[in-house]
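Residue-level structural notes
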Amino acid sequence: MEFKRNIIVTGGAGFIGSHVVRLFVNKYPDYHIINLDKLTYAGNLANLKDIEDRPNYTFVKADICDFDRIMQLMQEHHVDGIIHLAAESHVDRSIKDPFTFARTNVMGTLSLLQAAKLYWESLPEGYEGKRFYHISTDEVYGALELTNPEGIESPFTTKASSEHHHAYGTDFFTEETKYNPHSPYSASKASSDHFVRAFHDTYGMPTIVTNCSNNYGPYQFPEKLIPLFINNIRHRKPLPVYGKGENVRDWLYVEDHARAIDLIFHEGKVADTYNIGGFNEWKNIDIIKVVIKTVDRLLGRKEDEDMDLITYVTDRKGHDMRYAIDSRKLQRELGWEPSLQFEEGIEKTVRWYLDHQEWMDNVTSGDYQNYYDSMYKDR
Ligand code: NAD
Ligand code: DAU
């Protein structure tokens, strides 16, 4: 079958990538979506069970660092777009093992860029109609200070903002904020962002970079705060709060990020950068209390019964204090708006994890890593 577009989504078996793949496969039956994923510990094909048999979907197990394989896939599938999400994504792991982060996030991105360059430059039309879209993070901007530790009424709101409308400072990361990464994770993402922009500036590749705030929602690996804590509360295990729990993160529902990616892939300006976020700042300890209350209520436990699971532990090394994204450019220029208010989003998320205990058990037992062998090996 001839498809209108052939798009590689890297990291499509991960948390955000699986939402992007699902959205594109469902919304664009005339696009061929090639999910290219190495299936590291973070990749889980069960995240895509509902769409795995669609005629416009192909899964390819491959490493983005494997230049020859990427080159071969570009040619075989006549790829005209890349949406690049594959990465090592967990800050705590980067502190223990920075090499893996440099390899995947920097060298892997470079290998994709170089394969796209050689393939697209070999075509008669060159870069026309092509797009290399790199998904990055707000962490590249460094950390903001907690200038208003008690919180102030936020000067900006979106549908995603919580009813509490708090900001913990008056400054925000804009697209002009100077890069100042602190962790090996954010340093590797910053480096990959620079390579992407260099390929535009040097070779004229049509690139786009976006920097998003913390995502939450279904299918997130339970090493990250929200799914880890939901699972621990359910099993009445301690909740390890780093430092004083005062650090601030800016939370966006994952499907709103996926919708932004769709919009920017199609309508974003080449060589431009867009920040993505919903003006929804939370201190860790406050969001943890909301999660405890929600889990207890949905499980029919006594109100606040599990508050004593909160356990303050040694802080993360170099722990960034506050992230807060200014996404007004994306709202102004492309009309993007988050669709879900935080209170709805967190309820939906907690309910999803409680209703999908089998998914969680598969991940925590390690069984999810056999899914590829059972489903794909002989295809
Ligand atoms: P994730 O860890 O859940 O998924 C990463 C995926 O990449 C996995 O499926 C993994 O198997 C795959 N992968 C890793 N190394 C690979 C390699 N060498 N070759 C091919 N595939 C490989 O990550 P996530 O949270 O979904 O984040 C996706 C992207 O979005 C990352 O680039 C991350 O930096 C960025 N981001 C994440 C957030 C967030 O809150 N999670 C926020 C902003 C930006
Ligand atoms: O800001 C975007 C980034 O958000 C993404 O680029 C990263 O890929 C993603 O992992 C996320 O990074 P964080 O470090 O902010 O997410 P994490 O869920 O690991 O932690 C959220 C906050 O909670 C952070 O301040 C550390 C704290 N924390 C985390 C864990 C796992 C705890 O206090 N205890 C924990 O056990």
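Summarised in this report is the structure supplied together with it. As the structure is a computational prediction, the values presented were derived from the model and not from experiment.

**Some remarks on the site of ligand 2**
For ligand 2, the set of nearby residues contains 23 residues, the closest of which are Asp-138, Tyr-185, Pro-240, Arg-316 and His-319. In the model, an oxygen atom of ligand 2 is placed 2.8 Å from a nitrogen or oxygen of the Ser-89 main chain. In this structure, an oxygen atom belonging to ligand 2 sits 2.8 Å away from a side-chain N or O atom of Arg-249. Against a free-state accessible area of 690 Å², the protein chains account for coverage of 94% of ligand 2. Mapped by element, the contributors of at least two residues to the shell around ligand 2 are helix 6 (225–234) and strand 10 (239–242). Class assignment of the residues belonging to the shell around ligand 2 gives a composition of 9 nonpolar, 8 polar and 6 charged.

**Focus on the environment of Leu-252**
Note that Leu-252 resides in strand 11 (residues 248–253). Overall, Leu-252 belongs to the buried group, its relative accessible area being 0%. Sequence spacing of Leu-252 and Pro-338 is 86 residues, and the spatial spacing of their C-alpha atoms is 8.1 Å. Once residues lying within four places of it in the same chain are set aside, the contact partners of Leu-252 are Ala-160, Cys-212, Ser-213, Asn-214, Asn-215, Tyr-216, His-257, Ile-276, Gly-277, Gly-278, Trp-336 and Pro-338.

**Describing helix 7 (residues 254–267)**
The terminal C-alpha atoms of helix 7 lie 20 Å apart, and with 14 residues this matches the ideal 20 Å at 1.5 Å per residue to within 8%. Of all the 14 residues making up helix 7, 10 are buried; the element is thus mostly covered by neighbouring parts of the structure.

**As for the site of ligand 1**
Around ligand 1 there are 28 residues in total, and Ile-16, Asp-37, Ser-89, Tyr-185 and Lys-189 lie nearest to it. Asp-37 has a polar side-chain atom sitting 2.5 Å from an oxygen atom of ligand 1. At 2.9 Å from an oxygen atom of ligand 1 is found a main-chain nitrogen or oxygen belonging to Asn-215. For the shell around ligand 1, the secondary-structure elements that each account for two or more residues are helix 1 (15–27), strand 5 (131–137), helix 5 (184–203) and strand 9 (214–216). Along the lines of polarity and charge, the residues of the shell around ligand 1 split into 13 nonpolar, 11 polar and 4 charged.

**What to know about the sheet that holds strand 5**
Hydrogen bonds between backbone groups are what pair the strands of a sheet, and the pairing can be parallel or antiparallel. Strand order in the open sheet formed by 7 strands is 3-2-1-4-5-8-12, with parallel pairing between adjacent strands. The sheet terminates laterally at strand 3 (57–61) and strand 12 (273–276), the two strands that pair on one side only. Taken pair by pair, the neighbouring strands of this sheet meet at an average axis angle of 20 degrees, ignoring direction. Bridge count between strand 4 (residues 81–84) and strand 5: 4 bridges; the pairing is parallel. Within strand 5, the residue paired with Ile-82 across the bridge is Phe-132.

**Structural notes on the pattern of salt bridges**
Scanning the model with the defined rule gives 25 salt bridges in all. Ionic pairing is found between Asp-326 and Arg-328, a salt bridge with its closest N-O pair at 2.7 Å. Overlapping salt bridges, with partners in common, bring together Arg-236, Asp-296, Arg-301, Glu-305 and Asp-306 in one network.

**Focus: the packing of aromatic side chains**
Inspection of every chain in the model, using the stated rule, returns 24 aromatic pairs. Here Phe-156 and Phe-172 contribute two aromatic rings whose centre-to-centre distance is 5.6 Å and whose plane-to-plane angle is 65 degrees, an arrangement assigned as edge-to-face. Taken as a pair, Phe-156 in the loop between strand 6 (152–153) and strand 7 (166–167) and Phe-172 in the loop between strand 7 and helix 5 lie far apart in primary sequence, 16 residues in all. The exposure class assigned to Phe-156 is partly exposed, which follows from its relative accessible area of 22%. Taken together, a centroid distance of 5.0 Å and an interplanar angle of 85 degrees make the contact between Trp-352 and Tyr-353 edge-to-face.

Parameters and conventions
Residues numbered from 1 in each chain as written. Chains lettered and ligands numbered in written order. Predicted model: local features only at pLDDT ≥ 70, side-chain atom pairs only at ≥ 80, totals over all residues. Heavy atoms only, no water. Near = heavy atom within 4 Å. Polar contact = N/O pair within 3.5 Å; in protein donor to acceptor, adjacent residues only side chain to side chain. Areas by Shrake-Rupley, 256 points an atom, 1.4 Å probe, with all protein chains shown as cover. Helix = DSSP H or I, 4+ residues; strand = E, 2+ residues; numbered from the N terminus. Nonpolar A, V, L, I, M, F, W, Y, C, P; charged D, E, K, R; others polar. Buried < 20%, exposed > 50% of the residue type's maximum accessible area, 1.4 Å probe, protein only. Contact = heavy atoms within 4.5 Å. Expected span 1.5 Å × (residues − 1). Pairing = 2+ DSSP bridges. Axes fitted to C-alpha atoms, helices over the stretch in contact; angles between N-to-C directions. Salt bridge = Lys/Arg side-chain N within 4 Å of Asp/Glu carboxyl O. Phe/Tyr/Trp six-rings, centres within 6.5 Å; stacked < 30°, edge-to-face > 60°.

Just geometry here; none of it tells us what the structure is for.
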